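Structural overview
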Amino acid sequence: MTTLVPNAMLAFDGGSLGFRNRLINGSFLIDQRNAGASQTFTAGAAIAYCVDRWYASCTGANMTGQRVSATAGGYMLTGAASNTGTLFGQRIESYNLADQVSATVTAQIKISSTSITSVTWTAYYATVQDTFSTKTQIATGTFTTNSTPTVYTASFNAGANAANGIAIEYTTGALLAGQTLTYGAAQLEPGTVITPTEHRDLGDVLRQCQRYCNVISAYASVANGFILAYPVTMRAAPTATLIGGSLASINQITTSTQNWNSASTGIATVLNVAEL
Amino acid sequence: MTYQLSSTTSIIRTADGATIPDDPGNSDYQAYLAWIAGGNVPTPVAALTAAQQQATYSAAGQALLDSTAQAWNYNDMATAATYLQSTIAQFKSEATTLCAWRDNFWYQAGLLEAQIIAGTATLPATTADFLALMPAAPVRPT
């Protein structure tokens, strides 16, 4: 049973309702990897991260995904012939759910599609803390969707293992050529009361995202070695990928810094990823 | 997915060249460990380029010079060289010996480099091979 809190009550009690969304980048505004450009998901491949904190995968045939708007957010998947299914989700770090063990939480997300009429939501907990290579289902259900952007909600008990971290995933059947599936305004909050989606300061959301992914750039000169710090301390020592310029190597990667050895003079850019 | 070992404890993911640190909390490192557990074997450490080898040999040569000077109780070779005009005979003698060795060391290294460029010599395969071609460390004056 869920209840929508009247707007008047929110206005009156707004202070206590802050920081309730346990999902990060629920509006899909932060897109450090692609900066709004389209991304292709390879059919049958492991999940691939797209807009910050969110990942997707597909079966049958490749699909593409792209942030809908830099100001309004949203994320749209576009299908292809022979596609047989889509998946979209987020893994929530253990520390952000440790207070919800065996408690009821409520997830909501705005969905619309030119073709999809059924979206299955499934919640999992990580078998080992923050390690989702093996996960166990907590709860599941189905939304009947249409082409009108609509907020769908589901409440479930987070279970005894919520402190290991929880994944919330949305799956569908085939998304064929020219067909689209759009997500927006995602939230997962304690309790059964459905509150309006939380609006967070953009810089604050970016800082949250940078714990899991960030991009750093610096001017490098020939045969030089130097240490760079990340914008925030990362969840784990990140995987570092050179995405611009040239470097001989990246060494001594920690949760706060990494050591670059440059190969040529110019700006080098590295993507650091410590997703779950 | 395939991986390659690096000269450090990090792993290189072949597909995109990403450097994966050996942090158990890194999900890419977890995937690598699962890949290893599946019986797969990473590619050995990539061979250095000629320029990288030359840089490695130069660094090894300087390290040998410095460690020898340190064994004679100087901070490093550069410090030892400041004793060339020392009024203490022992210090002056040691500095003269060390500097003569240093000069000959880099002179021979320069000759070798010129021969390699000219094609009359090949780049030593290992650091040990390179150091074996250089003048041996001198005996400390008594």
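Residues numbered from 1 in each chain as written. Chains lettered and ligands numbered in written order. Predicted model: local features only at pLDDT ≥ 70, side-chain atom pairs only at ≥ 80, totals over all residues. Heavy atoms only, no water.

Quick notes on the overall build of chain B
Helices and strands together make up the secondary structure of chain B, namely five helices and three strands. Ordered by position from N to C terminus, the α and β elements of chain B give β-β-β-α-α-α-α-α. Against the globule reference of 14 Å for 142 residues, chain B gives a C-alpha radius of gyration of 22 Å, more extended than a compact globule. For the C-alpha atoms alone, the extent of chain B along its principal axes is close to 65 × 40 × 20 Å. Classification of the 142 residues of chain B by burial places 31% in the buried group. When the accessible surface of chain B is totalled, it reaches about 8100 Å², and 59% of it is carbon and sulfur. Of the charged side chains in chain B, 4 are positive and 10 negative; the average position of the first set lies 14 Å away from that of the second. (Helix = DSSP H or I, 4+ residues; strand = E, 2+ residues; numbered from the N terminus. Rg over C-alpha atoms; globule rule 2.2 N^0.38 Å. Buried < 20%, exposed > 50% of the residue type's maximum accessible area, 1.4 Å probe, protein only. Areas by Shrake-Rupley, 256 points an atom, 1.4 Å probe, with all protein chains shown as cover. Lys, Arg positive; Asp, Glu negative; His and termini not counted. Charge placed at Lys NZ, Arg CZ, Asp CG, Glu CD.)

Some details on the overall build of chain A
If you tally the helices and strands in chain A, you get two helices and 20 strands. Taken against the 2.2 N^0.38 rule, which gives 19 Å for 276 residues, the C-alpha radius of gyration of chain A at 20 Å falls within 12% of a compact globule. With the principal axes as the frame, chain A shows a C-alpha extent of 65 × 45 × 35 Å. Considering chain A as a whole, with its 276 residues, one finds that 52% of them fall into the buried category. On chain A, roughly 11300 Å² of surface is accessible, and the fraction owed to carbon and sulfur atoms is 55%.

Things to note about the interface of chain A and chain B
The interface of chain A with chain B comprises 15 residues on the first partner and 13 residues on the second. The contact between chain A and chain B buries some 1000 Å² in all, and 44% of this surface belongs to carbon and sulfur atoms. Among the residues chain A hides against chain B, the three largest losses belong to Ala-237, Thr-239 and Thr-241 of chain A. Together they make up 38% of the total. For the pair chain A and chain B, the number of links is zero salt bridges. The tally of links between chain A and chain B comes to eight residue pairs in polar contact (both at pLDDT 80 or more). Secondary-structure elements contributing two or more residues to the side of chain A that touches chain B are strand 17 (239-244) and strand 18 (247-251) of chain A. (Contact = heavy atoms within 4.5 Å. Buried area = accessible area lost by both parts, 1.4 Å probe. Salt bridge = Lys/Arg side-chain N within 4 Å of Asp/Glu carboxyl O. Polar contact = N/O pair within 3.5 Å; in protein donor to acceptor, adjacent residues only side chain to side chain.)

Structural notes on the packing of helix 2 (residues 50-71) of chain B against helix 4 (residues 89-118) of chain B
Geometry of a packed helix pair, given as the angle between the helix axes and the separation of the axes. All names here are of chain B. Look at helix 2 against helix 4: their axes get within 11 Å of each other, and the N-to-C directions meet at 170°. Taken together, helix 2 and helix 4 sit at an angle that is classed as roughly antiparallel. Touching Gln-54, Ser-58, Gly-61, Gln-62, Leu-64, Leu-65, Thr-68 and Ala-69 of helix 2 are Leu-98, Trp-101, Arg-102, Phe-105, Trp-106 and Glu-113, all from helix 4. Of the residues assigned to the contact of helix 2 with helix 4, the class counts are seven nonpolar, five polar and two charged. (Axes fitted to C-alpha atoms, helices over the stretch in contact; angles between N-to-C directions. Parallel < 35°, antiparallel > 145°, perpendicular 65-115°, else oblique. Nonpolar A, V, L, I, M, F, W, Y, C, P; charged D, E, K, R; others polar.)

Here we look at the pairing of strand 18 of chain A
Residues and elements named next belong to chain A. Where strand 18 lies against strand 19 (residues 257-262), four bridges are found, and the strand directions are antiparallel. If you follow Ser-249 over to strand 19, its bridge partner there is Asn-261. Linkage of strand 18 to strand 19, two consecutive antiparallel strands, is achieved through a turn of five residues, within which Gln-252 is found at a positive phi near 50°. (Pairing = 2+ DSSP bridges.)

Focus on the sheet that holds strand 16 (residues 225-229) of chain A
All names here are of chain A. Read from one edge to the other, the open sheet built from three strands follows the order 16-19-18, with strand pairing classed as antiparallel. Sheet topology places strand 16 and strand 18 at the edges, where each strand pairs with a single neighbour. Adjacent strand axes in the sheet meet at a mean angle of 25° when their direction is disregarded.

So, the nonpolar core
Core analysis: the largest hydrophobic core is formed by 38 residues, its most contacted members being Trp-121, Tyr-170 and Tyr-183 of chain A. Core analysis: the second largest hydrophobic core is formed by 17 residues, Ala-237, Ala-240, Ile-250 and Ala-268 of chain A among them. (Core = buried A, V, L, I, M, F, W, Y, C linked by side-chain atoms within 4.5 Å.)

Notes on the side chain of Ser-112 of chain A
Along the chain, Ser-112 of chain A falls in strand 8 (residues 104-113). Discounting chain neighbours no more than four positions away, the residues touching Ser-112 of chain A are Asn-146, Ser-147, Thr-148, Pro-149, Thr-180, Leu-181 and Thr-182 of chain A.

Some remarks on the packing of aromatic side chains
Summed over the entire model, instances satisfying the criterion amount to 20 aromatic pairs over all chains. Ring centres 4.9 Å apart and planes at 65° place the aromatic pair Tyr-3 of chain B and Trp-35 of chain B in the edge-to-face group. Here Tyr-3 of chain B, found in strand 1 (residues 3-5), pairs with Trp-35 of chain B, found in helix 1 (residues 27-37); they are 32 residues apart in sequence, far enough to count as distant. Owing to a relative accessible area of 14%, Trp-35 of chain B belongs among the buried residues under this scheme. A connected cluster of aromatic rings, assembled from ring pairs, spans Phe-28, Trp-54, Tyr-75, Phe-88, Tyr-170 and Tyr-183 of chain A. (Phe/Tyr/Trp six-rings, centres within 6.5 Å; stacked < 30°, edge-to-face > 60°.)

Side note on the sheet that holds strand 4 (residues 54-59) of chain A
Residue and element names in this part refer to chain A. Pairing within the open sheet is antiparallel, and its six strands lie in the order 3-4-7-12-9-10. Bordering the open sheet on either side are strand 3 (48-49) and strand 10 (131-144), each of which pairs with just one other strand. In this structure, strand 7 (residues 85-92) lies alongside strand 12 (residues 166-172), joined through seven bridges in antiparallel fashion. Bridge assignment links Gly-89 to a residue of strand 12, and that residue is Glu-169.

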